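Reading the structure
Okay, here's what each chain looks like letter by letter:
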Amino acid sequence: MKAPFDFVIEPKGNRYNNTTKVGDKNLILNTEIFNHQYVNREAIVKSVPTAFKTEIKPGDTIVVHHNVFRRWHNVKGIEKNSRSYFNENTYFVKQDQIFLYKRNNEWIAPVGFCFVQPIKEVDSFSAEKEKTNIGIIKYTDGLYKKEELVGFTPQSSYEFIIDGKRLYRVMTQFITIKYEYEGNEEEYNPSWADSSRGIN
């Protein structure tokens, strides 16, 4: 199945990541369908659009918008699927609903975006745990290099949990400065992110 303007995808695993392993048992963490933090965001590309070229290929693993697999209730209380839904194993998504793609076990950011990991605040007089609007490039579209220390504009980032690390998705046009390392920089990752369920 192919579509002219949409990527055809299938969820990687279940639609929700709402369980965790405790010993040999599965513990259910959440039973709500509307909480986006428990929605699975990983998918496998089945086909790419025919109307334009894309760097993403069939078989790639991608990170999609949290509403793609999420179910919701309408004003009458009836449970509904998202507009992306075709069947339980097939969904249609637009290019701007894809945030990362993986090939050969390496995450790559689409053109125009980077993923940045915050660094710890070292000022002993600050109450903050991380430096504001500063971080280390982890996934890039190629405009910046991995591990570069950069600054970005306020309110230009969106939080993701990728492989147990809390990262910020930032448009490359909002990265305003590249810093030199001073030697005391340390990546900041809250403990709850490391125990998170997959990708959020």
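Just above sits the structure.
Notes on the structure in this doc start here. (Residues numbered from 1 in each chain as written. Predicted model: local features only at pLDDT ≥ 70, side-chain atom pairs only at ≥ 80, totals over all residues. Heavy atoms only, no water.)

**Here we look at the overall build of the chain**
In terms of helices and strands, the chain carries one helix and 17 strands. Here the C-alpha coordinates of the chain stretch approximately 50 × 45 × 35 Å along the principal axes. Relative to its full complement of 200 residues, the chain shows a buried share of 44%. Restricting the contact set of the chain to residue pairs at least 6 apart, pairs at least 24 apart contribute 63%. Accessible surface, the chain: about 11,700 Å² in total, of which carbon and sulfur atoms supply 49%. Treating the 28 positive side-chain charges of the chain as one cloud and the 26 negative ones as another, the clouds have centres 9 Å apart. (Helix = DSSP H or I, 4+ residues; strand = E, 2+ residues; numbered from the N terminus. Buried < 20%, exposed > 50% of the residue type's maximum accessible area, 1.4 Å probe, protein only. Contact = heavy atoms within 4.5 Å. Areas by Shrake-Rupley, 256 points an atom, 1.4 Å probe, with all protein chains shown as cover. Lys, Arg positive; Asp, Glu negative; His and termini not counted. Charge placed at Lys NZ, Arg CZ, Asp CG, Glu CD.)

**Considerations on the pairing of strand β9 (residues 90-93)**
Direction of pairing for strand β1 (residues 7-11) relative to β9: antiparallel, over a ladder of three bridges. Counted as the bridge partner of F7 is V93 from β9. Adjacent in sequence and paired antiparallel, strand β8 (residues 85-87) and β9 are bridged by two residues. (Pairing = 2+ DSSP bridges.)

**Here we look at the sheet that holds strand β12 (residues 113-120)**
Across the sheet, six strands lie side by side as β15-β16-β12-β13-β14-β17; this open sheet has antiparallel pairing. Edge positions in the sheet fall to β15 (157-162) and β17 (175-179), since each has one partner strand and no second. Going from strand to strand, the sheet's axes swing by 45 degrees on average, the running direction of each strand aside. Across six bridges, the pairing between β15 and strand β16 (residues 165-171) is antiparallel. Among the inter-strand pairings, F160 is bridged to a residue of β16, identified as L167. (Axes fitted to C-alpha atoms, helices over the stretch in contact; angles between N-to-C directions.)

**So, the sheet that holds strand β11 (residues 106-108)**
Consider a sheet: its strands pair through backbone hydrogen bonds, and that pairing is either parallel or antiparallel. One open sheet accounts for seven strands, arranged β8-β9-β1-β4-β5-β10-β11; its pairing is antiparallel. Strand pairing shows two members of the sheet lacking a second neighbour, β8 and β11, which therefore form its edges. For this sheet the average axis-to-axis angle between neighbouring strands, irrespective of direction, equals 35 degrees. For strand β5 (residues 61-64) and strand β10 (residues 98-103), the ladder comprises four bridges, and the chain directions are antiparallel. Paired with I62 across the bridge in β10 is Y101.

**Some words on the pattern of salt bridges**
As enumerated under the stated definition, the model contains eleven salt bridges in all. Measuring nitrogen to oxygen at the nearest pair gives 2.9 Å for the salt bridge that ties D6 to K94. Of the two residues, D6 is situated in the segment before β1 and K94 in the loop between β9 and β10; the sequence distance between them amounts to 88 residues. Assessed through its relative accessible area of 16%, D6 is described here as buried. In this structure, K138 and E147 form a salt bridge, with 3.1 Å as the shortest nitrogen-oxygen distance. The class for K138 is buried, based on a relative accessible area of 12%. (Salt bridge = Lys/Arg side-chain N within 4 Å of Asp/Glu carboxyl O.)

**Details of unusual backbone geometry**
Glycine aside, the phi torsion of most residues is negative, and most peptide linkages are trans. Even without glycine at this site, N105 takes up a positive phi of about 65 degrees. Unlike most non-glycine residues, D163 shows phi in positive territory, near 50 degrees. Note that D163 resides in the loop between β15 and β16.

**A closer look at the side chain of D6**
Side chain to side chain, D6 and K94 meet in a polar contact 2.9 Å long. Contacts of D6, omitting those with residues within four sequence positions, involve V48, P49, F92, V93 and K94. (Polar contact = N/O pair within 3.5 Å; in protein donor to acceptor, adjacent residues only side chain to side chain.)

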